[in-house]
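Chain by chain, the residues:
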Amino acid sequence: MATIASAETNETTERVRSPGFPLAPWAASYLQATPLILILGFFFILPILMIAVVSFWDYDFAGLYPDFLTMNYAETLGSWVTWKTYLNTLKFTVIVWALTVFIGFWVAYFLAFHIRRTSTQMILFLVCTVPFMTSNIIRMISWIPVLGRNGLVNSALIEMGIIPRPIEWLLYSDFAVVLAMVHLYTLFMVTPIFNTLMRIDRSLFEAARDAGASGWQILWNVVIPLAKPGIAIGSIFVVTLVMADFSTVQVMSGGQSASVALMMKNQMSLLQYPAAAANAVVLLIVVLMMVAAILRVVDIRKEL
């Protein structure tokens, strides 16, 4: 009786599990991915295609004219101003990336290996995220009263007798732009590196010490190689954010410096949308090449 009841139960379960119509495994996979494909297609791929199409249009002060012209790309790539602006943007990107990697790694290293209690780690990590509860603009302009001619830094240095007059290059300079960007984007480097370091097996450190390795040797040969996925992910975040930043460059440089994103903003304010679209396509290609170079150095899929 028990055997008959078990057979009937299995048959009922199979009937419930069997779909209304058979699907091949590959078809079921595509069907499950369809909602995500539709969302990405509408909100990501379609806007990029529209920008690419508009980049070939003609325009004047009166409006836009659908066409297929390479004039916008010729003017963009043939202008020395564009190349100089791209070099300036790449300069900001490299400097900010190097500083955020250095600062972000040591902050993540301290949180992961020098704080023993998990609750304390989480509290300190949340403290790092507190400034992100406000907008980028507020956090950026908060440096103005600190770095200004009569700001806190200059006032303190003059009162201590270290300098006779205010330092002019602290604000409205490339230094101010880099400082603000490092402040804005360091957490995007800390988070992935911290997550990667927390996954490292602590027994590897004991094995390295038993083999006679010093602290710096453990750091160089064990910690940093295992932290490469987090560094790569953080680098992608920082590179893409810096390349697309225009507000920080505009405000903190006082209009004395330029970036590609700021150039596109100025073109859009002049209603030169096809030229701005061509610049956007070129910038997208440059950023994708930089991301591909990062992924070429570190294969995140193999490392994770």
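Residues numbered from 1 in each chain as written. Predicted model: local features only at pLDDT ≥ 70, side-chain atom pairs only at ≥ 80, totals over all residues. Heavy atoms only, no water.

**Student:** Kindly report on helix α5 (residues 118-129), identifying the contributing residues and their values.
**Tutor:** An α-helix turns once every 3.6 residues. As a result, residues three or four positions apart point the same way. Across its twelve residues, α5 extends 17 Å between first and last C-alpha, which sits within 8% of the 16 Å expected from 1.5 Å per residue. Contact partners of the buried residues in α5: α4 (80-114) and α10 (187-198). (Helix = DSSP H or I, 4+ residues; strand = E, 2+ residues; numbered from the N terminus. Expected span 1.5 Å × (residues − 1). Contact = heavy atoms within 4.5 Å.)

**Student:** Explain the packing of α4 against helix α13 (residues 228-243) to me, using residue names and the numbers behind them.
**Tutor:** In the contact formed by α4 and α13, the axes pass within 9 Å of each other and the chain directions differ by 145°. Classified by chirality, the crossing of α13 by α4 is right-handed. Residues Thr 89, Leu 90, Phe 92, Thr 93, Val 96, Trp 97, Thr 100 and Val 101 of α4 touch α13, and the partners they reach there are Ser 235, Val 238, Val 239, Val 242 and Met 243. (Axes fitted to C-alpha atoms, helices over the stretch in contact; angles between N-to-C directions. Left-handed = near helix turned anticlockwise from the far one by under 90°.)

**Student:** I'd like a rundown of the pattern of salt bridges, residues and numbers included.
**Tutor:** With the rule as written, the count across this model stands at three salt bridges. A salt bridge links Lys 91 to Asp 174, with the nearest nitrogen and oxygen atoms 2.8 Å apart. With a gap of 83 residues between them, Lys 91 in helix α4 and Asp 174 in helix α9 (residues 174-185) connect regions that are remote in the sequence. Of the residues examined, Asp 174 reaches a relative accessible area of 31% and is grouped as partly exposed. The residue Glu 168 makes a salt bridge to Arg 149 at a minimum N-O spacing of 1.9 Å. Here Glu 168 is found in the loop between α8 (152-159) and α9, whereas its partner Arg 149 is found in the loop between α7 (144-147) and α8, with 19 residues between them in sequence. (Salt bridge = Lys/Arg side-chain N within 4 Å of Asp/Glu carboxyl O. Buried < 20%, exposed > 50% of the residue type's maximum accessible area, 1.4 Å probe, protein only.)

**Student:** An account of the nonpolar core is needed here, citing residue identities and associated values.
**Tutor:** Counting residues in hydrophobic clusters, the biggest one holds 42 residues, and the most contacted among them are Phe 113, Met 181, Leu 197 and Val 223. Looking at this core, the elements that each hand over two or more residues are α4, α9, α10, α11 (203-210), α12 (215-226), α13 and α14 (247-252). Among the elements that make up this core, the one with the highest residue count is α4 (nine residues). Discounting chain neighbours no more than four positions away, the residues touching Phe 113 are Leu 197, Ile 200, Arg 202, Phe 205 and Val 223. (Core = buried A, V, L, I, M, F, W, Y, C linked by side-chain atoms within 4.5 Å.)

**Student:** Lay out the environment of Pro 274 with the relevant residues and their values.
**Tutor:** Position of Pro 274 among the secondary structure elements: in helix α16 (residues 273-297). Accessibility expressed as a relative area gives 0% for Pro 274, which makes it buried. Through-space distance from the C-alpha of Pro 274 to that of Val 153 is 44 Å; in sequence the pair is 121 residues apart.

**Student:** If you had to explain the packing of α4 against α12 to someone new, which residues and values would you point to?
**Tutor:** Running from N to C, α4 and α12 point in directions that differ by 95°, and their axes come no closer than 14 Å. Here α12 runs roughly perpendicular to α4, going by the angle between their axes. Contacts between α4 and α12 involve Phe 105, Trp 106, Tyr 109 and Phe 113 from the former and Trp 216, Leu 219, Val 223 and Ile 224 from the latter. Here the contact of α4 with α12 is built from residues that sort into eight nonpolar, no polar and no charged. (Parallel < 35°, antiparallel > 145°, perpendicular 65-115°, else oblique. Nonpolar A, V, L, I, M, F, W, Y, C, P; charged D, E, K, R; others polar.)

**Student:** Explain the confidence of the model for the protein chain residue by residue, including any values.
**Tutor:** Here the protein chain averages 85 in pLDDT, while 91% of its residues score no lower than 70. The least confident element of the protein chain is helix α1 (residues 2-17), whose mean pLDDT is 47; the most confident is α13, at 93. Contacts for the low-pLDDT stretch residues 1-5, under 50 throughout, to residues beyond four places or in other chains number zero contacts. pLDDT under 50 marks residues 11-19. Its contacts with residues more than four places away, or in other chains, come to zero contacts. (pLDDT = per-residue confidence, 0-100.)

**Student:** Describe the side chain of Thr 82, listing the residues and the values that go with them.
**Tutor:** Along the chain, Thr 82 falls in helix α4. Residue Thr 82 is classed as buried on the basis of its relative accessible area, which comes to 7%. With sequence-adjacent residues up to four places away left out, Thr 82 is seen in contact with Glu 75, Thr 76, Met 263 and Asn 279.

**Student:** Kindly report on a nonpolar patch on the surface, identifying the contributing residues and their values.
**Tutor:** Together, Ile 95, Leu 99, Phe 102, Ile 103, Trp 106 and Trp 216 make up an exposed nonpolar region whose accessible area comes to about 620 Å². Sort the elements by how many residues they give to the nonpolar patch and α4 lands first, with five residues. Position of Phe 102 relative to the elements: it lies in helix α4. Looking at Phe 102, the relative accessible area reads 55%, which means it is exposed. (Patch = residues over 30% accessible without salt bridge, like charges linked within 9 Å, V, L, I, M, F, W, Y side chains within 5 Å. Areas by Shrake-Rupley, 256 points an atom, 1.4 Å probe, with all protein chains shown as cover.)

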